[in-house]
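Coordinate inspection notes
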Amino acid sequence: MAGVLRLILGDQLSHDISSLEGINPNEDVILMCEVWDEATYVKHHKKKIAFLFSAMRHFAAELAARGYNVRYIKLDDPQNTHAFKTELARACAHHHISRVTVTYPGEYRVWQDMTTWAQDLNLNIDIRDDTRFLCRIDEFAAWAKDRKSLRMEFFYREMRRKYNILLTPQGDPEGGEWNYDSENRKFPALKEPIPAPDSFVPDMMTREVLDLVAQKFSDHFGDLEPFYFAVTRDQALQVLDHFITRRLKNFGDFQDAMLTGEPWMYHSHISFYLNCGLLSPLEVIQKAEQAYRQGAVPLNAAEGFIRQVLGWREYIRGIYWLYMPEYKTENYLEATRKIPSFFWTGDTKMNCLKQCITETKQNAYAHHIQRLMVLGNFLLLAGVHPDEVNEWYLIVYADAYEWVELPNVSGMILFADGGKLASKPYAAGGAYINKMSDYCRGCQYHVDEKTGAKACPFNYLYWDFFIRHREKLSNNPRVGMSYRTLDKMGAEKVHDIRESARTFLESLNVDAWP
Ligand code: FAD
Ligand code: DLZ
Ligand code: SF4
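On a predicted model such as this, the values are computed, not experimentally measured, just so you know.

What counts and how
Residues numbered from 1 in each chain as written. Chains lettered and ligands numbered in written order. Predicted model: local features only at pLDDT ≥ 70, side-chain atom pairs only at ≥ 80, totals over all residues. Heavy atoms only, no water. Near = heavy atom within 4 Å. Polar contact = N/O pair within 3.5 Å; in protein donor to acceptor, adjacent residues only side chain to side chain. Areas by Shrake-Rupley, 256 points an atom, 1.4 Å probe, with all protein chains shown as cover. Helix = DSSP H or I, 4+ residues; strand = E, 2+ residues; numbered from the N terminus. Domains from an automatic or database assignment. Contact = heavy atoms within 4.5 Å. Buried area = accessible area lost by both parts, 1.4 Å probe. Salt bridge = Lys/Arg side-chain N within 4 Å of Asp/Glu carboxyl O. Expected span 1.5 Å × (residues − 1). Buried < 20%, exposed > 50% of the residue type's maximum accessible area, 1.4 Å probe, protein only. Pairing = 2+ DSSP bridges. Axes fitted to C-alpha atoms, helices over the stretch in contact; angles between N-to-C directions. Phe/Tyr/Trp six-rings, centres within 6.5 Å; stacked < 30°, edge-to-face > 60°.

Attention shifts here to the site of ligand 2. Around ligand 2, a shell composed of 18 residues is seen, among which Gly-10, Asp-11, Cys-33, Val-35 and Glu-38 lie nearest. One of the side-chain nitrogen or oxygen atoms of Asp-11 is found 2.7 Å away from an oxygen atom of ligand 2. About the coverage of ligand 2: the protein hides 100% of its 490 Å² of free accessible area. Counting only elements with at least two residues in the shell around ligand 2, the list comes to α1 (36-40), α2 (46-65) and α4 (108-114).

Listed below in structure tokens is the structure:
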């Protein structure tokens, strides 16, 4: 047959994906497959698997309704060989096809595998750019070349210029500043209830997937039900539109705020849909800009949100491809600890961690500041090994793919890359969490106490962290203040800090899960 096999991976659910360009509906075959290899290379959260399989099945049905010839291999298909490579071989043999097009994968390990396909399977493989991203991998490398430091802020300004986002007709930043973060640190004193998140009743197709996941992945982390994610582009667009009309106006003000029982806050909850392709970053950015131009949302909200998508998201991907595969092995602070067992259960007296882990378990979601300043901060201060932490984050969030998870974990929270991404470790004591949340009010520990059995563990772990890493961190001007404070402390105080930290860390149960 003269046709081409078009392979679509689970995070490539976009009708304008480059692998479909030039498709001939009469001759070509689209292959999508649910494979054990992908579902278990880490033991993903049950909701993450259910979400992706359901979104894949709905996308395949849309392609078929558009008249394409779709070969969709379900997980429980008895013929399923459970790996991309062998499924590709099987499909090509079945349809007598020798030419394949595929879009560049999100993850390095898949790309490595892909580079073996042409020779091993004797196929002609066309690997195309992933044009959904706004900065090409080679473009980021060119930007990074010869720069001493790769700070996101400068990259972001170039992206604003490149896409003409939030600029005046003269090409200056709207409102005179590039970044309005200083206005985005409000404590959550809410004047009105936070709008309820979008929630979708599972249809027959999703119910079938839920049954499959319940049966095959019962030993994976997380609550499968209730299941309420969007699984089609139309539903994802609804989530985006509701965010723009109901939440975006408050996004900036309360971006860093955390409230008990409010896992979704004023965030957009679109990372799941962006990362698997149901939404495109440019449409998201343009809708936010349009809301600002129409006077519906303030500038600090629109800019703050656009910075996340046009700045952070693209920058993180650039860093990943720039430094892989070495990035994955970095452990600058030589952390050795295993992840505490309570990260799988939420069973801890530290209320902030309990809240964030419980919500993660329920929703396969936590918002950025929970991931960064509660969970990540703790794992940094406790000295947990980057492999352990990366695996945890990759498992528990439904938006987690290595290209976005790894730089956030090894770069942003753990400083394992020695400062390629962040200029300093994001370490904080209990006072920060108390300022940005209501968690401390419900905690058995006392946020104002610095050492001893009742003191908030973040307080002594913070200082113990700086003491442990003096050699590597004290020359960093961005943490100079912490060392000056430390140097003014008396020997007795330092001793108490170290003792409290030692006792606490030794008490952590690290029995592996599951
Ligand atoms: P919002 O707060 O509404 O932000 C809007 C969008 O901006 C997000 O949907 C996302 O696409 C983008 N964005 C914001 N911050 C980042 C960032 N730091 N890196 C990349 N994109 C960003 N995001 C993932 O998509 N997948 C991950 O696996 C992931 N792991 C993370 C691990 C850690 C330790 C940290 C600190 C952050 C991680 N993030 C990850 C980034 C961020 O926390 C999530 O994108 C965000 O919480 C998703 O929720 P939202 O859609 O409501 O985001
Ligand atoms: C995350 C995931 C899971 C759980 N399962 C599949 C799958 O069965 N089939 C598939 O095509 N993709 C899956 N994915 C997403 C892939 O892991 C993702 O496409 C690659 O990591 C991209 O490099
Ligand atoms: Fe977390 Fe400390 Fe506050 Fe407890 S007191 S909620 S451990 S920051």
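From this point, the narrative continues.
Okay, unusual backbone geometry next. With omega at 0°, the peptide bond leading from Glu-225 into Pro-226 counts as cis. Among the secondary structure elements, Pro-226 is positioned in the loop between α8 (204-216) and α9 (233-251). Look at the link from Met-324 to Pro-325: it is a cis peptide, with omega at 5°. As for its position among the elements, Pro-325 is in the loop between α12 (299-323) and α13 (342-345).

Before going further, it helps to examine the domain arrangement of the chain. We note that the domain assignment places domain 1 (5-128), domain 2 (137-323) and domain 3 (342-506) within the chain. Across the boundary between the two partners, domain 2 contributes 36 residues, which contact 40 residues of domain 3. Across the domain 2 to domain 3 interface the summed buried area is about 3,400 Å²; carbon plus sulfur atoms make up 64%. Of all residues in domain 2, Phe-221, Met-258 and Tyr-320 give up the largest surface area on contact with domain 3, accounting jointly for 25% of the area buried on that side. One can count zero salt bridges joining domain 2 with domain 3. Inspection of the region where domain 2 meets domain 3 yields eleven residue pairs in polar contact (both at pLDDT 80 or more).

Since the α-helix advances by 3.6 residues per turn, residues separated by three or four positions end up pointing in the same direction. Its 13 residues place the ends of helix α11 (residues 281-293) 18 Å apart at the C-alpha level, agreeing with the 18 Å of an ideal helix rising 1.5 Å per residue. Among all positions in α11, only Pro-281, Glu-283, Val-284, Ile-285, Ala-288, Glu-289, Ala-291 and Tyr-292 are buried. Lining the buried residues of α11 we find α9, α10 (271-276) and α12. Downstream of α11 by a residue or two, Gly-295 has a phi angle that is positive, lying close to 80°.

Right, let's get into the sheet that holds strand β3 (residues 69-73). The strands that make up a sheet pair up through hydrogen bonds in the backbone, lying either parallel or antiparallel. Ordered by their spatial adjacency, five strands build an open sheet running β3-β2-β1-β4-β5, and the pairing between neighbours is parallel. At either margin of the open sheet sits one strand with a lone partner, and together these are β3 and β5 (124-128). Across this sheet, the average inter-strand angle for adjacent strands is 25°, counted without regard to direction. Note: strand β2 (residues 29-33) against β3, five bridges, orientation parallel. Bridge pairing in β3 links Met-32 to Tyr-72. Its contacts with the sheet place α2 against β2 and β3, and it is angled at close to 160° to β3.

Let us look at the packing of aromatic side chains. Applying the stated criterion to the full structure yields 46 aromatic pairs. Between the aromatic rings of Phe-243 and Phe-305, the centroid separation amounts to 4.7 Å while the plane-to-plane angle is 45°, which identifies the pairing as tilted. Of this pair, Phe-243 sits in helix α9 while Phe-305 sits in helix α12, and the two are 62 residues apart along the sequence. For Phe-305, a relative accessible area of 3% puts it in the buried group. Taking the centre distance of 6.2 Å and the plane angle of 65° together, the rings of Tyr-460 and Phe-504 count as edge-to-face. Of this pair, Tyr-460 sits in helix α19 (residues 457-468) while Phe-504 sits in helix α22 (residues 491-507); the two residues are 44 residues apart in sequence, bridging distant segments of the chain.

Let's shift gears to the environment of Arg-57. On the secondary structure map, Arg-57 appears in helix α2. Take Arg-57: its relative accessible area is 7%, and that puts it in the buried class. C-alpha of Arg-57 to C-alpha of Leu-210: the two residues are 153 residues apart in sequence and 12 Å apart in space. If we skip the residues at most four places from it in the chain, Arg-57 touches Glu-34, Tyr-72, Lys-74, Met-205, Glu-208, Val-209 and Leu-212. A polar atom in the side chain of Arg-57 sits 2.6 Å from the side chain of Glu-34.

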